[in-house]
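Examination of the molecular architecture
Single-letter residue listing:
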Amino acid sequence: MSDRASKRPIPGPLDWGLLARKDVLAGLMFMAVAVLGLVISNNYPIGTALRMGTGYVPRLLCWLLLALGAVILLQGLREARAQTISQNGSLPAWRPVIFVTAGMVIFALTIERLGLVVAILLLTGIGAVAARGLRPFETAIAALVLVILSWAIFIVGLGLTIPVWPDW
């Protein structure tokens with residue numbers, strides 16, 4: 001055992017450094033959003049698997065998000081060398097949060113006016129700014145795959161009336 005490892009403090013019952021790990025915070029955030037969704041959709045009719053009510057899919061997704069959040073939370077708690085969010089609140093630690101959130105908000109605001117293709121291109125372009133090592137080619141491939149899958153699932157498969165291109 002090295003001298004450095006023997007001087008490491010043993011975490012107590014409430015270790016704030018442990019709670020500041022990215023995986024732990026992400027797991028807690030996923031679980032909070034899932035619980036909020038379950039509370040909001042509490043009065044929606046669920047129905048059955050063959051005759052789904054309006055609350056079936058949202059509640060199913062909330063339960064899946066809750067389970068995913070629990071897995072991420074436990075993984076973050078178990079990981080010994082997880083990075084912590086910087087104590088000085090610098091921009092690099094908050095960069096992914098800011099740009100991913102901005103990408104989703106811009107997607108929601110532009111999908112009806114600019115269409116599915118342009119909204120997804122904006123989403124992936126803004127979201128790519130959050131990752132430092134992402135190459136433009138990877139971003140373009142991800143955007144293309146998202147456009148094709150979204151078009152196939154929502155427009156062709158489900159028959160939703162989402163504009164594909166802007167109405168200019």
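Since this is a predicted model, take the numbers as computed values, not measurements.

1. Re the overall build of the chain
Tallying secondary structure elements over the chain gives six helices and zero strands in all. Mapped from its N terminus to its C terminus, the chain presents α and β elements in the order α-α-α-α-α-α. Of the contacts formed within the chain by residues at least 6 apart in sequence, a portion of 63% connects residues at least 24 apart. In the form shown here, the chain has an accessible surface area of approximately 12,500 Å², with 70% of it arising from carbon and sulfur atoms.

2. A word on the pattern of salt bridges
Counted by the stated rule, this structure contains one salt bridge. Where E138 meets R135, a salt bridge forms, and the shortest distance between an N and an O atom there is 2.8 Å.

3. Description of the environment of W151
Assignment of secondary structure puts W151 in helix α6 (residues 136–157). As a C-alpha pair, W151 and I162 span 11 residues in sequence and 8.9 Å in three-dimensional space. Residues contacting W151, with those up to four places away along its chain left out, are L116, V156 and V164.

4. Let's talk about the environment of T124
Its place among the elements puts T124 in helix α5 (residues 91–128). With relative accessibility at 14%, the residue T124 sits in the buried group. Distance in space between the C-alpha atoms of T124 and A143 is 5.9 Å, their sequence separation being 19 residues. Setting aside anything within four residues of it in sequence, one finds T124 in contact with T139, A143 and L146.

5. Some remarks on the nonpolar core
Counting seven residues, the largest nonpolar core consists of I111, L116, V117, A119, I120, V147 and I155. Sort the elements by how many residues they give to this core and α5 lands first, with five residues. Not counting residues within four places of it along the chain, the set of residues in contact with V147 comprises L116, V117 and I120.

6. Some details on the packing of helix α3 (residues 22–40) against helix α4 (residues 56–78)
Direction vectors running N to C along α3 and α4 enclose 160°, while the axes themselves pass 7 Å from each other. Here α3 lies roughly antiparallel to α4, going by the angle between them. For the element pair α3 and α4, the recorded crossing hand is left-handed. Along the contact surface, α3 presents D23, V24, A26, G27, L28, F30, M31, V33, A34, V35, G37 and L38, while α4 presents R59, C62, W63, L65, L66, L68, G69, A70, I72, L73, G76 and L77. Each residue belonging to the contact of α3 with α4 can be placed in one class, and the counts come to 18 nonpolar, four polar and two charged.

7. As for the side chain of S150
With respect to the secondary-structure elements, S150 resides in helix α6. In contact with S150, not counting residues within four places along its chain, are L116, I120 and I155.

Parameters at a glance
- Residues numbered from 1 in each chain as written.
- Predicted model: local features only at pLDDT ≥ 70, side-chain atom pairs only at ≥ 80, totals over all residues.
- Heavy atoms only, no water.
- Helix = DSSP H or I, 4+ residues; strand = E, 2+ residues; numbered from the N terminus.
- Contact = heavy atoms within 4.5 Å.
- Areas by Shrake-Rupley, 256 points an atom, 1.4 Å probe, with all protein chains shown as cover.
- Salt bridge = Lys/Arg side-chain N within 4 Å of Asp/Glu carboxyl O.
- Buried < 20%, exposed > 50% of the residue type's maximum accessible area, 1.4 Å probe, protein only.
- Core = buried A, V, L, I, M, F, W, Y, C linked by side-chain atoms within 4.5 Å.
- Axes fitted to C-alpha atoms, helices over the stretch in contact; angles between N-to-C directions.
- Parallel < 35°, antiparallel > 145°, perpendicular 65-115°, else oblique.
- Left-handed = near helix turned anticlockwise from the far one by under 90°.
- Nonpolar A, V, L, I, M, F, W, Y, C, P; charged D, E, K, R; others polar.

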